[in-house]
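Structural characterization, general
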Amino acid sequence: MLKTCKTALAVIFLMATPAAAEVELSFYMGVQSVDDSTVSGAMPDGTAVNRKFSWKANPLENPYYYGARATWWTASNIGFGIEGTHAKAYASNADMTATKTSRFELSDGHNIITANVLKRWPDAFGGTKFTPYVGAGLGLAIPHVDIQTTGAAGAHTFGYETTGIAARGIAGMKYSLNEKWALFGEYQITWSDNDITVDPAAGGTASKLRTELVTHAVNFGISYSF
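Here the structure is a predicted model, which is why all the values come from computation and not from measurement. (Residues numbered from 1 in each chain as written. Predicted model: local features only at pLDDT ≥ 70, side-chain atom pairs only at ≥ 80, totals over all residues. Heavy atoms only, no water.)

**A word on a nonpolar patch on the surface**
Together, Phe27, Phe125, Phe130, Met173, Tyr175, Leu177, Trp181, Leu183 and Ile222 make up an exposed nonpolar region whose accessible area comes to about 800 Å². By the element assignment, tyrosine 175 lies in strand β9 (residues 164–176). Judged by relative accessible area, tyrosine 175 falls into the partly exposed class, the value being 31%. (Patch = residues over 30% accessible without salt bridge, like charges linked within 9 Å, V, L, I, M, F, W, Y side chains within 5 Å. Areas by Shrake-Rupley, 256 points an atom, 1.4 Å probe, with all protein chains shown as cover. Salt bridge = Lys/Arg side-chain N within 4 Å of Asp/Glu carboxyl O. Helix = DSSP H or I, 4+ residues; strand = E, 2+ residues; numbered from the N terminus. Buried < 20%, exposed > 50% of the residue type's maximum accessible area, 1.4 Å probe, protein only.)

**Section: the environment of valine 39**
Mapped onto the fold, valine 39 is located in strand β2 (residues 37–42). Judged by relative accessible area, valine 39 falls into the buried class, the value being 2%. When the C-alpha positions of valine 39 and glycine 151 are compared, they lie 21 Å apart, and in sequence the two are 112 residues distant. When neighbours within four sequence positions are excluded, valine 39 is seen to be in contact with Val49, Asn50, Arg51, Phe53, Trp55, Leu209, Arg210 and Thr211. (Contact = heavy atoms within 4.5 Å.)

**Describing the pattern of salt bridges**
It is possible for side chains bearing opposite charge to pair when their charged atoms get close. Considering all chains together, one arrives at 10 salt bridges under this definition. For glutamate 105, the salt bridge is made with arginine 103, and the minimal N-O distance between the two is 2.9 Å. In this structure, a network of salt bridges that share partners links the residues Arg69, Glu83, Arg168 and Glu186.

**Here's the deal with empty space enclosed by the protein**
Counted under the stated rule, the structure contains 2 cavities of 30 Å³ or more. The wall of the largest cavity is formed by Glu24, Ser26, Arg69, Thr71, Trp73, Leu118, Arg120, Thr131, Tyr133, Lys174, Phe184 and Ser223. For the lining of the largest cavity, the secondary-structure elements that each account for two or more residues are β1 (22–34), β4 (66–73), β6 (101–120) and β7 (130–149). Here the lining of the largest cavity takes 3 residues from β4, the largest share from any one element. (1 Å grid on protein atoms, 1.4 Å probe; cavity = no way out; pocket = protein on both sides within 12 Å on 5 of 7 lines; lining within 4 Å. Points joined across faces, edges and corners; volume = space filled by probe spheres on them.)

The structure is reproduced here in structure tokens:
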């Protein structure tokens, strides 16, 4: 499935590049949340997990929530591009107790990388500086997994993993400051299917945990076009 997704991303870019008329680079921060989700599988010690986690996002705490995208706009105001979002997800204290962990987080990024298709309407408000836009993207979830198990056989999972496919939806409004610079605000939703590997203590066997994560964010940012 991941191979198919990567092939689809390559096809989108090959199709988009020849038609590009304008490049727009966008950078944003914002306020992000994570829906509760069911985590299932097992820990390295064999303990079965099938529990609804209450996730926290902590978007305004270091490492901060942020994102960036590059969009190639065509003359028909259809855009093709790539976007990366550094979201976060922290398990609650109750969830960590239930899974015998002292850390359980995707905190140096529940990173969502997608290839996007967007549509904008520069004349929607009669030639004003406001331009509404919508978009959607498909790609991969590449979180930094930080799970510390407790007890005598404790082990630390700490590193980036490609955990599954991801998708995003975007709806926003841009305000042009001049021909090159603009401010924007938008709502984003992301979904990802995550198959996480949990490392064992020395001599043990790794285990798998699976969950689907949905994030919501209100973003504010600046863009530069050339």
